[in-house]
Amino acid sequence: MTSSPYQGARSFTARIAMWSARHRKAVALAWVIIVVAALGACSAIEADTSVEGEAPGESGEAQALIEQRFPAEQEMPQEFVVFSHPSLSVDDPGYRETVEGLLGALSTLRAWKTEVVGGTTVVHSSRIVAGTISHYDIGLPREASPFVAQTATGGDVTFAIVTLEGDLEEAIDNIDPVLDSVDRAREESEGFEINIGGTASLTKQLTEIIDEDFGSAGTLNIPITLVILVLAFGTLVAAVVPIVLAFVGVFVALGALTIISQVFPLADVYTQVVLLIGLATGIDYSLFVITRYRSERRAGLSKENALRVATGTSGKAIFFAGATTVFAVAGMFLVGDPIFSSLGLASIVIVVFAVSMAMTLLPAIIAMLGDNIERLRVPLLGRPAEETGGVWGFVFDRVLAWPVIPAVVTVVVLLAICAPGLNFNLGFNGPRSFPEDAEGTRALIALEENFTLGLVSPAVVVVDAGEKQNVFAAEIQDSVSELLSLVGEDTVSPDAPEALYGPVAQEPEFSDAGDTEELFIPVNGDSGEARAIDAVNNLRDELVPAAFEDSPADALVTGATAANIDFRDKIEARTPIVFAFVLGLAFITLLLTFRSLIIAITAIVLNLFSVFAAYGLLVLVFQEGWLLEGVLDFEATGIIESWLPLFLFSLLFGLSIDYEMFIMGRVKERYERGASTSEAIAMGVKGSARVITNAAAIMVAVAAIFTFTRSIALKQFGFGLATAIFIDATIIRTFLLPTTMKLLGEWNWYLPSWLEWLPRLPMAEESSPMPAKGAAGDTR
């Protein structure tokens, strides 16, 4: 029986690929079935995205107490309706008529639902608005009302609090009639400016903006990536294959995650994470293999041997790079936060599918296409320079000729870029950072200019008398009064605009059992800025202990700012654990891959340089506001999102180490083929230069598009990812990696004698099938 030309590979990656090539029709059919099943799962099953972050620390303890003591209907979303007139005061009848007319209309709104019960269609309705409160309900004169302020033109601005029925999800579903009523009141009123913003309206509007931005990003990604691939390959067929495979991976991963979510709920942004990582890894992995395949074909190898070498070398680097990425993002599970865990799971699933396709479906497609992968050539493109020549050859020859100077200069430059990262101000960007395209932002701006943004997200003091005890007891209420008095001493006024707290506008709430009380204390600032953090810390450290020192009740502080503080503290506490886990597993993987202690350490140190350089640039641009505010269309808030550094580290360490893995793999391959260390370094970095440049350009383009979205958090994420990949693929790959390896010389291959038991995993792949032992021509 004649053996297939796709037999005889040495490495496990090449053996898998050659098997897939031999059974290419079956492999392709299997993936078609998987894709159809995935699309069917997405159509038939709704992904469970009900996971919610659990507040840690004191805020989490207070929130758990609220959920235990208060019925769900008392925790209802609120909207703030802001009225302003250039000349009228709230005492004018026309002003009162406008405010009460709108609030009255809102109170009559109904949500209609149609259901089929026992074959009968039943139509029923429920209230949308649970209640309203305004200046006209509290019985205070205009001058003493916390609901009233005067505008610069002499008129008054006031606000009303509208409480919606149901939980946040129900409120979002029913918010449109509320927004329509406000729009009509604005159109019918004379001279009034009326705006509405709150939890439900802003959540809906911001979600629509993010979905729209991601849709635009996805649409832009395809042509940009296609242009880069056409420039890289010079042929349309070769350029289209990586994009098709990347989207196949995305669809399959989304289908798998839809099923997984039924057991393990996911954060609602998991689809965006899958799209970003799926496009970046799926395209890059295909690019590595196809580039090597075409290179070997140009060198004169047969199609079968070219595929064997490509999958045995680049394929092996992809496998270990993918494994390192999986280990890196697995560190997110150690944060102990369900949102981090769900994003880590989504990242692992898409990377596993990307690697699986690169090892099975891609070889099958290449085997089907053969030299047709070169079809539809674009004139004047796709004529690669020799591996040792061209611009990169010129650059690397100069760098390697005098390695000390470029190494020292590069380290100094990178340390300077990294330095600002030591001054992270971690937090959560609050309403002030919301895009102006969200209509609710106008209401928040009016609140900030005339009252305080703390009205939207006040500090909540939970007074616990003890289960089934009396929170109305005189001793406890004396402590409550003392706390409110202390807050009043530091409340904003015309004479004290920088005070920590705003006027208390909301009445306290009590549990049905009368054992728990909630106090709502506005902080004088956005929920994420320094003054709001100082206000909450002052409550926790000074005011609450002083007021409740001799009280039988306990008092806990929660709210948006408090939860942000506790989450930041948790992230900072877990960061060393995640770093140790990720770096430890990456070190083991690199040690096994290259069987070198020095290469493993070098790769980790260089990767950390790229991550911390991204941290430094994030601080300079988004925290300090250097240079790019106009270009990226944002205003620096002085805050870096608390979740971002750790999330970026886990993701970046996995993604950017692909390049070190690929370059060092080429160097080791040359070394195994008999080149000296210096020759292997030169040939390895030159031979991988073009493909690394193309791969990095794709990943940077994919990430950079997110810097032009309207969400400050997405801008920071996209910028951090893009800059780290760019620095890694340019400064580090061009100057630091080759010079470090050149200076280390033979030490690159150092392995202590007590580690000699480690398995040998050669990077080189034979260009022809190895004969069976004992067969003719076997010279082993």
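Computed from a predicted structure; not experimentally measured.

What counts, and where the lines are drawn
Residues numbered from 1 in each chain as written. Predicted model: local features only at pLDDT ≥ 70, side-chain atom pairs only at ≥ 80, totals over all residues. Heavy atoms only, no water. Helix = DSSP H or I, 4+ residues; strand = E, 2+ residues; numbered from the N terminus. Expected span 1.5 Å × (residues − 1). Bend = angle between axes of the 7 residues up to and from the residue. Salt bridge = Lys/Arg side-chain N within 4 Å of Asp/Glu carboxyl O. Buried < 20%, exposed > 50% of the residue type's maximum accessible area, 1.4 Å probe, protein only. Axes fitted to C-alpha atoms, helices over the stretch in contact; angles between N-to-C directions. Parallel < 35°, antiparallel > 145°, perpendicular 65-115°, else oblique. Contact = heavy atoms within 4.5 Å. Nonpolar A, V, L, I, M, F, W, Y, C, P; charged D, E, K, R; others polar. 1 Å grid on protein atoms, 1.4 Å probe; cavity = no way out; pocket = protein on both sides within 12 Å on 5 of 7 lines; lining within 4 Å. Points joined across faces, edges and corners; volume = space filled by probe spheres on them. Patch = residues over 30% accessible without salt bridge, like charges linked within 9 Å, V, L, I, M, F, W, Y side chains within 5 Å. Areas by Shrake-Rupley, 256 points an atom, 1.4 Å probe, with all protein chains shown as cover. Lys, Arg positive; Asp, Glu negative; His and termini not counted. Charge placed at Lys NZ, Arg CZ, Asp CG, Glu CD. Core = buried A, V, L, I, M, F, W, Y, C linked by side-chain atoms within 4.5 Å. Pairing = 2+ DSSP bridges.

**Here's the deal with helix 18 (residues 560-594)**
Line of reasoning, step 1. Here helix 18 spans 48 Å end to end across 35 residues, near enough to the 51 Å set by a 1.5 Å rise per residue.
Line of reasoning, step 2. By the largest-angle criterion, Arg574 marks the main kink of helix 18, which is about 35°, and a proline, Pro576, follows within four residues.
Line of reasoning, step 3. Looking one or two residues past helix 18, Arg595 carries a phi angle of roughly 55°, positive in sign.

**Digging into the pattern of salt bridges**
Line of reasoning, step 1. The tally for this structure, following the rule as stated, stands at 27 salt bridges.
Line of reasoning, step 2. The salt bridge involving Glu165 is made with Arg127; its shortest N-O contact spans 2.8 Å. One end of the pair, Glu165, is in the loop between strand 6 (156-164) and helix 6 (168-188); the other, Arg127, is in strand 3 (residues 120-127), with 38 residues separating them in the sequence.
Line of reasoning, step 3. Since its relative accessible area comes to 40%, Arg127 is described here as partly exposed.
Line of reasoning, step 4. The closest approach of N and O atoms between Arg666 and Glu669, which form a salt bridge, is 3.9 Å. With Arg666 and Glu669 both in helix 21 (residues 644-672), this residue pair falls three residues apart, about one helical turn. Here the two residues Arg666 and Glu669 agree in accessibility, since each one is buried.
Line of reasoning, step 5. Bridged by salt links that share partners, the residues Arg292, Glu296, Arg666, Glu669 and Arg673 form one connected network.

**Structural notes on the packing of helix 10 (residues 303-330) against helix 11 (residues 338-359)**
Each pair of packed helices can be described by the angle between their axes along with the distance between the axes.
Line of reasoning, step 1. At a minimum axis distance of 9 Å, the contact between helix 10 and helix 11 shows a crossing angle of 175°. Comparing the axis directions of helix 10 and helix 11 gives the class roughly antiparallel. Across the interface between the two elements, Ile318, Phe319, Gly322, Thr325, Val326, Val329 and Ala330 from helix 10 touch Gly344, Ser347, Ile348, Val351, Val352, Val355, Ala358 and Met359 from helix 11.
Line of reasoning, step 2. Class assignment of the residues belonging to the contact of helix 10 with helix 11 gives a composition of 11 nonpolar, four polar and no charged.

**Let's talk about empty space enclosed by the protein**
Line of reasoning, step 1. This structure, assessed with the given rule, holds three cavities of 30 Å³ or more.
Line of reasoning, step 2. Quantified by volume, the largest cavity comes out at close to 50 Å³.
Line of reasoning, step 3. Forming the boundary of the largest cavity are Leu179, Asp183, Arg186, Asn195, Ile196, Gln205, Glu439 and Arg442.
Line of reasoning, step 4. Those elements that place two or more of their residues in the lining of the largest cavity are helix 6 and strand 7 (193-198).
Line of reasoning, step 5. A per-element tally of the lining of the largest cavity places helix 6 first, with three residues.

**A short note on the environment of Leu88**
Line of reasoning, step 1. Examined against the element boundaries, Leu88 turns out to sit in the loop between strand 1 (78-84) and helix 4 (93-107).
Line of reasoning, step 2. Considering only alpha carbons, one finds Leu88 and Arg760, 672 residues apart in sequence, at a separation of 84 Å.
Line of reasoning, step 3. Apart from the residues lying within four places of it in its own chain, the contact partners of Leu88 are Tyr95, Gly155, Asp156 and Phe192.

**Observations concerning a negative patch on the surface**
Line of reasoning, step 1. Together, Glu46, Asp167, Glu169 and Asp173 give the surface a local cluster of negative charge.
Line of reasoning, step 2. By the element assignment, Asp167 lies in the loop between strand 6 and helix 6.
Line of reasoning, step 3. Look at Asp167 and you get partly exposed, because its relative accessible area is 46%.

**Section: the nonpolar core**
Taken as a class, soluble globular proteins show a tendency for nonpolar side chains to be buried jointly.
Line of reasoning, step 1. The biggest cluster of nonpolar side chains holds 167 residues, and the ones touching the most others in it are Val274, Phe622, Phe649, Phe653, Tyr659 and Leu721.
Line of reasoning, step 2. With 16 residues, helix 21 is the single largest residue contributor to this core.
Line of reasoning, step 3. With sequence-adjacent residues up to four places away left out, Phe622 is seen in contact with Leu632, Phe634, Ala636, Thr637, Gly638, Ile639, Ile640, Ile712, Lys715, Gln716 and Phe719.

**Points about the pairing of strand 12 (residues 554-558)**
Line of reasoning, step 1. With four of five residues buried, strand 12 lies mostly within the body of the structure.
Line of reasoning, step 2. Pairing geometry for strand 9 (residues 459-464) and strand 12, over five bridges, is antiparallel. The residue bridging Val460 from the neighbouring strand is Thr558, located in strand 12.

**Quick notes on the sheet that holds strand 9**
Line of reasoning, step 1. Ordered in space as 10-11-9-12, the four strands form an open sheet in which the pairing is antiparallel. The open sheet is flanked by strand 10 (509-510) and strand 12, the only strands paired with a single partner.
Line of reasoning, step 2. Across the sheet, helix 3 (residues 57-69) lies against strand 9, strand 11 (516-521) and strand 12, angled at about 110° from strand 12, the strand it touches most.

**Thoughts on the environment of Glu572**
Line of reasoning, step 1. The residue Glu572 is located in helix 18 in this model.
Line of reasoning, step 2. For Glu572, a relative accessible area of 43% gives the class partly exposed.
Line of reasoning, step 3. Counting along the chain gives 146 residues from Glu572 to Leu426, while the straight-line C-alpha distance between them is 9.5 Å.

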